[in-house]
Amino acid sequence: MSKPSAPAKSNASGANASFDDKSKSKDSRYANIVAARAISDVVRTSLGPKGMDKMIITAKNEVIITNDGATILRNIQAFHPAAKMFVDLSAAQDIEAGDGTTSVVVLAGSLLGAAEKMLEKGMHPTIIAESFLKASAKAVEYLTEMSTPIKLQDRKTLERAATTSLNSKIVSQFSTLLAPIAVSAVTRLLTPTSTNVDLRDIRIVKKVGGTIEDTELVEGVVLNQNVVTSGGGPRRMEKAKIALIQFQLSAPKPDMDNTVVVNDYRQMDKVIKEERAYILEMCKKIKKWGCNVLLIQKSILRDAVNEISLHFLAKLKILVVKDIERDEINFLSKSLGCKPIADVDSFSEDKLGYADLVEETTKAEASIVKIMGVKNPGKTVSVLCMGGSHVVLEECERSLHDALCVVRCLVKKRALIAGGGAPEIHVSRLLSQYAHTLKGMEAYCFQAYADALEVIPSTLAENAGLNPIAIVTELRNRHALGEHNAGINVRKGLVSNILEEEVVQPLLVSTSAVELSTETVSLILKIDEILWSR
Amino acid sequence: MEPIFSAEGSQEKAEMARLTSFVGAMAVGDLVKSTLGPKGMNKILQSASGDGINVTNDGATILKSIHLDNAAAKILVNISKVQDDEVGDGTTSVCVLASELLREAEKLVMAKIHPQTIVEGFRIASAAALKALENAAVDNGSDPAKFRNDLLNIARTTLSSKVLSQDKDYFANLAVDAVLRLQGSTDLEHIQIIKKAGGKLTDSYLDEGFILDKTIAVNSPKRIQNAKILIANTSMDTDKIKVFGARIKVDSTGKLAELERAERDKMKAKVAAIASHGINCFVNRQLVYNYPENLLAEQGIMSIEHADFEGVERLSLVTGGEIASTFDRPDLVKLGHCDLIEEIMIGEDKLIKFSGVAAGQACTVVLRGSTNQMIDEAERSLHDALSVLSQTVRETRIVLGGGCAEMLMSCAVEEEARKVAGKRALAVEAFARALRQIPTILADNAGYDSSDLVTRLRAAHYDGKADFGLDMNNATIESMHKLGVTESYKLKRQVIVSASEAAEMILRVDTILRAAPRKREAH
């Protein structure tokens, strides 16, 4: 009598009543699992280097082609609450690690599948949830054990990790080009003590034209905008003195509502003359400080420049770029070493930035404004991203972003592990060994968790057109024989030592995928009802 | 006959009224009962209007958000709200206990016992229960080391029934540290909780000082030591004349330019007035536009714009500064102070940290987690723990949890029932049964054999092992003292008091009158 049996088989009326109640919670639990797994099935096929892409038509009729899990999920407008939680899960992985957004959802789906089977056997969901959390802590431990620490000076290794991430994207054939870009971009921002990198200091400028091969890391700054040439102004300026201004060179417009009352045509003349004089005055003031490149912040209230001011500025040989967004100001002032100027009277020498050359060039039919040889540049990086169409360009940017995140992960946690499904099989094997030392329901849950981890290698194999069962069993076998780094070599379609193939990923991507997916699965398992609220 | 009530009003009498109340109250009890205890389940609250979802097992949150159209059910929702305000936790328990009391009362009413007799019995019972609870309470308030341990145990017990259960030790420490910083105040405003998706739950941390989820303006100094802060709520564009449709007529562009210049000068004067306070940090609730931002930066003043109502209010609370909106008399404005203002990075976002603030007890908890639902729920759990702890710092007595206190009270009530003569005794017994339902539900939720466990627990209590309760991890009974499952005395007391009051109130109802809904005129 000391060991109580599982749910109410007793004949007390209270116990029976609560047993009936549970049929409802069972239903909603299964509904949650089904919905969440549907989401994970959507992205399943885009996992790995041979993963497929998805075409998404958004509500605004824009077309997105991507195999980035976070992007797909962000755009599919999930309705079911549990499905929404999976969307959030992938977003969280995006924030934490930036890569592995597909794996995290696939893994969570597989864990839910395992949980479903155990629920059918009559196990209590909280027990499953708790054991899963314990298993994930153990898994992270194993992952950390098998990782190899790296040094940030080791460019080769960093590049290898970036390449692995890029290989699963559309831009995979350009990975040899993009990986070094990603590595240099991040390492340039590093200080000896930094443990994190703000990716906002890396600007990716997208220009349609040319091919992805034209993508480059620019020494200096690239602008999103083009030079305004309609007034006949210069397009190239050596020894540039740059002013970043936040006021406008057009007819005055106070904040108060106003009307200019014109009674006869002489007065009209006067109005026009005064406007010219007003603008000329401003342009002269700007020139007085020796400024010859003008970057103008966009204003919603008022034109940044008009024909008159453009004309004057052209005469004064000032290069003009307009429509600088407000959120770009921070980046530009940091990278050009200048300070924004909000009023024509508050010009001063220290607010201007200096550069050897500001030039608008045409490269593969796209005109690009580059600012080169900046004096006292801040720690920022500009990457010029080129591509044949918007769709390609966007995907290229996303892939580059993922690669940047991979490098950043290595800055945060300086360790690498093998890719190609090797860590998952390794952890799965160790976990199931560990499960044998446990007893009770926990042992069962650990075993199920270990099996669920195999979804990563088997999906990798499946997507590459290999036989998942053959591959996974061979992997298991090789691992049991002590080859801890045996993984799926997707290019050759066989199992081999994955480290020799230089397929590596940051430890943080794997650990955070395991932790986040388990956390979400536990939360979903503990739900027994969906209520409509106000 | 003329109708007495207007067409859409209605009346339910005696039997029917009572039935409606019982059914409503029990439905609410059954709704939240599965969330009780360490193995309780969560519920998804799906908003009917928007697409927001909430995952929670906090009784008050669930009850607050659902639609109810039953008077008795609404009373239960109210007591759970009161519990939330008073103690912050035990919101589910109070609701479940009240509904169990009513379930028992229904049986007695069926057995033709007058509701007033039941009420009388319930009163005797609750008095006996409270007395037993008080006798069992332990006070370690005078011994700081022991008391801290008590607090840790309470936090752990509270958190074990929430989403944070896996990391309860971590968060219990965090919550205790946060509450002890308050030095006896129950003003949880001093503890700010910032939620950032990404990372895992144990990446959450407690930070001294105050964190504002805003960015420092371009160009401002990014780090200030010995900050003197002016907190303001003022519009930093030109002060417009607040007369509707005010406009100016001019006859030339030159005048317009002059006007523009005048506006700028006015702004400049305002900035000068602000700077004359001798500050090096300016925080505004509203936008600070480019021009003033530039001017302030020139004087080495950090400007932070758009800090929100909540932001400025908390900031004024923790830094001791007043929120100013006129700047003519610098000598009258109280400035805020802190040792250091700097930018920090959490996840991908940059935030501003004010450390060494004037109000030394202030601190910030940064919560991380995989999904927004997770973090929201973590926040609710932590808030519960914090409020229980802050109450315990005031009322230092503690009792044992895990169904132990309930069983203890149930036994005491049964004891009392033997001494009561008349039909009232039946009601007293019923009260004891209702109390025993709490451990029963705890066991049921965990999937254990409740009938077996609860009877064993009762036997243990009659055997003199008054500290025994349910060991929810090993499906057995164990000394709660040994396991460190403790709860606040005030919480338990409040649960009994509110639940029996609510049950009594509902029992006394014999007619439900429903007023005709107010007509909305169609436009």
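Remember, it's a predicted structure, so these values are computed and weren't measured experimentally. (Residues numbered from 1 in each chain as written. Chains lettered and ligands numbered in written order. Predicted model: local features only at pLDDT ≥ 70, side-chain atom pairs only at ≥ 80, totals over all residues. Heavy atoms only, no water.)

Engineer: Whenever I open this one, the interface of chain A and chain B confuses me. Can you help?
Structural biologist: Where the parts come together, the accessible area they lose is often given as the size of the interface. Opposite the 82 residues of chain A that make contact, chain B presents 83 residues. Where chain A abuts chain B, roughly 7400 Å² becomes buried across the two surfaces, and 51% of that area is made up of carbon and sulfur atoms. A:Asp198 serves as the salt-bridge partner of B:Lys350, at 3.1 Å between the closest nitrogen and oxygen. Put simply, chain A and chain B have 18 residue pairs in polar contact (both at pLDDT 80 or more) between them. Considered class by class, the residues forming the side of chain A that touches chain B number 36 nonpolar, 18 polar and 28 charged. Where strand S19 (residues 527–533) of chain A meets strand S2 (residues 42–47) of chain B, six bridges bridge the pair, whose relative direction is parallel. Bridge assignment links A:Trp532 to a residue of S2(B), and that residue is B:Gln46. (Contact = heavy atoms within 4.5 Å. Buried area = accessible area lost by both parts, 1.4 Å probe. Salt bridge = Lys/Arg side-chain N within 4 Å of Asp/Glu carboxyl O. Polar contact = N/O pair within 3.5 Å; in protein donor to acceptor, adjacent residues only side chain to side chain. Nonpolar A, V, L, I, M, F, W, Y, C, P; charged D, E, K, R; others polar. Pairing = 2+ DSSP bridges. Helix = DSSP H or I, 4+ residues; strand = E, 2+ residues; numbered from the N terminus.)

Engineer: What is the right way to look at the pairing of strand S18 (residues 476–479) of chain B in this model?
Structural biologist: For a regular strand, side-chain orientation follows a simple rule: the groups alternate between the two sheet faces. Residue and element names in this part refer to chain B. One ladder, built from four bridges, connects strand S17 (residues 468–471) with S18; its direction is antiparallel. Paired with Asp471 across the bridge in S18 is Thr476. The turn linking S17 back onto S18 is made up of four residues, and Ala475 within it adopts a positive phi angle of 55°.

Engineer: What is the right way to look at the side chain of B:Glu106 in this model?
Structural biologist: Residue and element names in this part refer to chain B. Within the secondary structure, Glu106 sits in helix H4 (residues 91–110). Arg103 provides the closest opposite charge to the buried, unpaired Glu106, separated from it by 6.5 Å. Excluding its chain neighbours within four sequence positions, the residues that come into contact with Glu106 are Leu19, Phe22 and Met26. (Buried < 20%, exposed > 50% of the residue type's maximum accessible area, 1.4 Å probe, protein only. Lys, Arg positive; Asp, Glu negative; His and termini not counted.)

Engineer: Help me out: how do you make sense of the sheet that holds strand S3 (residues 53–56) of chain B in this one?
Structural biologist: Two strands in a sheet stick together by hydrogen bonds in their backbones, pointing the same way (parallel) or opposite ways (antiparallel). Here three strands make up an open sheet; going across it, the order is S19(A)-S2(B)-S3(B) and the pairing mixed. The sheet is open, and its two borders are formed by S19 of chain A together with S3 of chain B, each paired with just one other strand. Adjacent strand axes in the sheet meet at a mean angle of 20°, parallel and antiparallel pairs treated alike. (Axes fitted to C-alpha atoms, helices over the stretch in contact; angles between N-to-C directions.)

Engineer: Got a minute to help me understand a nonpolar patch on the surface in this structure?
Structural biologist: Residues and elements named next belong to chain A. Taken together, the side chains of Val260, Val262, Tyr265, Met268 and Ile272 define a hydrophobic patch exposed on the protein surface, amounting to about 480 Å² of accessible area. The greatest single-element share of the nonpolar patch, amounting to three residues, is contributed by helix H8 (residues 265–288). You can see Met268 is positioned in helix H8. (Patch = residues over 30% accessible without salt bridge, like charges linked within 9 Å, V, L, I, M, F, W, Y side chains within 5 Å. Areas by Shrake-Rupley, 256 points an atom, 1.4 Å probe, with all protein chains shown as cover.)

Engineer: How should the domain arrangement of chain A be read in this particular structure?
Structural biologist: According to the domain assignment, chain A contains domain 1 (21–149 + 418–526) and domain 2 (222–376). Inter-centroid distance (C-alpha atoms) of domain 1 of chain A to domain 2 of chain A is 53 Å. (Domains from an automatic or database assignment.)

Engineer: Quick question: what am I supposed to make of the domain arrangement of chain B here?
Structural biologist: For chain B, the assigned domains are domain 1 (10–139 + 399–514) and domain 2 (210–359). Put simply, the middle of domain 1 of chain B and the middle of domain 2 of chain B, counted by C-alpha atoms, are 53 Å apart.

Engineer: In this structure, what is going on with the packing of helix H12 (residues 404–419) of chain B against helix H14 (residues 450–462) of chain B? I would like to understand it.
Structural biologist: When two helices pack together, their arrangement is captured by the angle between the axes and the distance separating the axes. Residue and element names in this part refer to chain B. As a packed pair, H12 and H14 sit with axes 10 Å apart at the nearest point and diverge in direction by 65°. For H12 against H14, the interelement crossing comes out right-handed. Of the residues in H14, those touching H12 at Cys404, Met407, Leu408, Cys411, Glu414 and Glu415 are Val454, Leu457, Arg458, His461 and Tyr462. Split into classes, the residues belonging to the contact of H12 with H14 amount to seven nonpolar, one polar and three charged. (Left-handed = near helix turned anticlockwise from the far one by under 90°.)

Engineer: Can you walk me through the pairing of strand S13 (residues 366–374) of chain A in this structure?
Structural biologist: Residues and elements named next belong to chain A. Where strand S6 (residues 221–223) meets S13, three bridges bridge the pair, whose relative direction is antiparallel. Considered in S13, the bridge of Val222 is made with Lys370. The sheet contact formed by strand S12 (residues 353–363) and S13 spans eight bridges and is antiparallel. Bridge pairing in S13 places Val358 opposite Ile371. The turn joining S12 and S13, which pair antiparallel and follow one another in sequence, is formed by two residues; a positive phi near 45° is taken by Ala364.

Engineer: Hey, could you run me through the confidence of the model for chain A in this one?
Structural biologist: Detail in the predicted coordinates should be disregarded across regions flagged by low pLDDT. Summarising the model, chain A shows a mean pLDDT of 84, and 95% of its residues fall at 70 or more. Scored below 50 in pLDDT, residues 1–21 of chain A makes 18 contacts in the model with residues more than four places away or belonging to other chains. (pLDDT = per-residue confidence, 0-100.)

Engineer: Would you mind going over unusual backbone geometry with me for this structure?
Structural biologist: Across the chain, the bulk of peptide bonds are trans and the bulk of non-glycine residues have phi less than zero. In this structure, A:Gln77 takes a positive phi of about 50° despite not being glycine. As for its placement among the helices and strands, A:Gln77 is situated in the loop between helix H2 (69–75) and helix H3 (81–96). Of note, B:Asn226 is a non-glycine position whose phi angle comes to about 50°, a positive value. On the secondary structure map, B:Asn226 appears in strand S8 (residues 223–232).

Engineer: When you look at the environment of B:Thr326 in this model, what are you seeing that I'm missing?
Structural biologist: You can see B:Thr326 is positioned in the loop between strand S12 (323–324) and strand S13 (336–346). A C-alpha to C-alpha distance of 8.9 Å links B:Thr326 and B:Asn233, two positions 93 residues apart in sequence.

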